[in-house]
Amino acid sequence: MVGKLKQNLLLACLVISSVTVFYLGQHAMECHHRMEERGQPPRGDGARAALGTAPSGIGGGANGSLPYSKDMPLIFIGGVPRSGTTLMRAMLDAHPDIRCGEETRVIPRILAVKQMWARSSKEKIRLDEAGVTDEVLDSAMQAFLLEIIVKHGEPAPYLCNKDPFALKSLTYLARIFPNAKFLLMVRDGRASVHSMISRRVTIAGFDLNSYRDCLTKWNRAIETMYNQCMEVGFQRCMLVHYEQLVLHPERWMRTLLKFLHIPWNQAVLHHEEMIGKAGGVSLSKVERSTDQVIKPVNVEALSKWVGKIPADVLQDMPVIAPMLAKLGYDPYANPPNYGKPDQKVVENTRRVYKGEFQLPDFLREVPQTEPME
């Protein structure tokens, strides 16, 4: 009796989720008409040039608005939380032709629901019998995700999404958005885990009282995303090591923008100057990285984990987190040698240590406590 009740409740939840996706998806295709009515100008003077390199079917609409489709060159940024995803999107947001914006939170959740449907053979049979085929679901997912990505911020020639765990569905996103590219942020798992534990960043499934548990979960999550990145291939998915990005920001941002086929702009090296400005970097009051990305690129956080991880966990590190070695980190190095920073980064770090960068009043808010999923 109880099992049957649970089954009915689950089915009801699936039906409600399906109706929600289709309802929102129906309105997604009308978005560009509403954007035309608003008459919002595109972001940046390079909009027309950038659109010239976009796939056919994407171009300037009436009053300079930017219609969109599944074939547009979307950018997805992801990785395990506390791996530099917010810094990455802030640096891209500083570019006049790119808009990322804050985490949407709903995108990884709807992708997780889609994965749940795909994993259940019984549910797939039921959906197919109801005419809700993979093609129908894919079309609805495209519409839903586009609606969220396009409308949760201002228009721009290039739009990107930064929801860290969205890349757990990287291969699926690559299939339904054929011209999208992916930036997988990679960071030393010991640093990521120390950051989430020390800053009490709640993540679903991670026990913040245990370095061993968090490192195990880190390893599982990054392995999932890494394998999908490899499956998609380096033409569409780029690994970005957080340590190298902060040590050599110009070198890596030039490489990254070339990968995305977006013209170079010096503004990406000074994201902190664009925070809160029109067409610049919009930050959330409740995201836990906000108080860090108000600062210029610096090396303050690189080795904060050294001396904080229990000895027994350090001893078992190669077994607990084998992905460390696969990603190029020495699991025995304590402290590690990530490299020598550029001179400009040294100067930025000196200014950070002097306390020159403080959270502005308009970004002060009670921090979030709800787990990330």
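Residues numbered from 1 in each chain as written. Predicted model: local features only at pLDDT ≥ 70, side-chain atom pairs only at ≥ 80, totals over all residues. Heavy atoms only, no water.

Student: If you had to explain the pairing of strand E4 (residues 181-186) to someone new, which residues and values would you point to?
Tutor: Moving residue by residue along a regular strand, the side chains alternate between the two faces of the sheet. Judged by how many residues are buried, E4 sits mostly within the fold: six of six residues are covered. Burial along E4 is two-sided: Lys-181, Leu-183 and Met-185 facing one way and Phe-182, Leu-184 and Val-186 facing the other are all buried. Pairing of strand E1 (residues 75-78) with E4 involves four bridges; the strand directions are parallel. From the neighbouring strand, Phe-76 faces E4, where its bridge partner is Phe-182. As defined by bridge partners, E4 adjoins strand E5 (residues 237-241) across five bridges and the pair is classed as parallel. Looking at E5, one finds that Phe-182 is bridged to Cys-237. (Buried < 20%, exposed > 50% of the residue type's maximum accessible area, 1.4 Å probe, protein only. Helix = DSSP H or I, 4+ residues; strand = E, 2+ residues; numbered from the N terminus. Pairing = 2+ DSSP bridges.)

Student: Any chance you could break down the pattern of salt bridges for me, citing the residues and the numbers?
Tutor: Within the structure shown, the criterion is met by 15 salt bridges. Across the pair Asp-93 and Arg-89 runs a salt bridge whose closest N-O atoms are separated by 2.6 Å. Note that Asp-93 and Arg-89 are positioned in helix H4 (residues 85-93) at a spacing of four residues, about one turn of the helix. Residue Asp-93 shares its accessibility class with Arg-89, and that shared class is buried. Overlapping salt bridges, with partners in common, bring together Lys-124, Asp-128 and Asp-134 in one network. (Salt bridge = Lys/Arg side-chain N within 4 Å of Asp/Glu carboxyl O.)

Student: Lay out the sheet that holds strand E3 (residues 158-162) in plain terms, naming residues and giving numbers.
Tutor: Neighbouring strands of a sheet are bound in pairs by backbone hydrogen bonds; such pairs are parallel or else antiparallel. With respect to topology, five strands assemble into an open sheet ordered E2-E3-E1-E4-E5, the strand pairing being parallel. The outermost strands of the open sheet, each flanked by one partner alone, are strand E2 (98-99) and E5. Packing of helix H12 (residues 249-260) onto the sheet brings it into contact with E1, E2, E4 and E5, and relative to E5 it is tilted by some 170 degrees. (Contact = heavy atoms within 4.5 Å. Axes fitted to C-alpha atoms, helices over the stretch in contact; angles between N-to-C directions.)

Student: Quick one: what's the story with the environment of Ala-94, residue by residue and with numbers?
Tutor: In this structure, Ala-94 sits in the loop between H4 and E2. Ala-94 sits in the buried class, given a relative accessible area of 2%. The spacing of Ala-94 and Met-274 is 180 residues in sequence and 6.1 Å in space, taken between C-alpha atoms. What Ala-94 contacts, discounting residues up to four positions off in sequence, is Ala-267, Val-268, His-271, Met-274 and Val-281.

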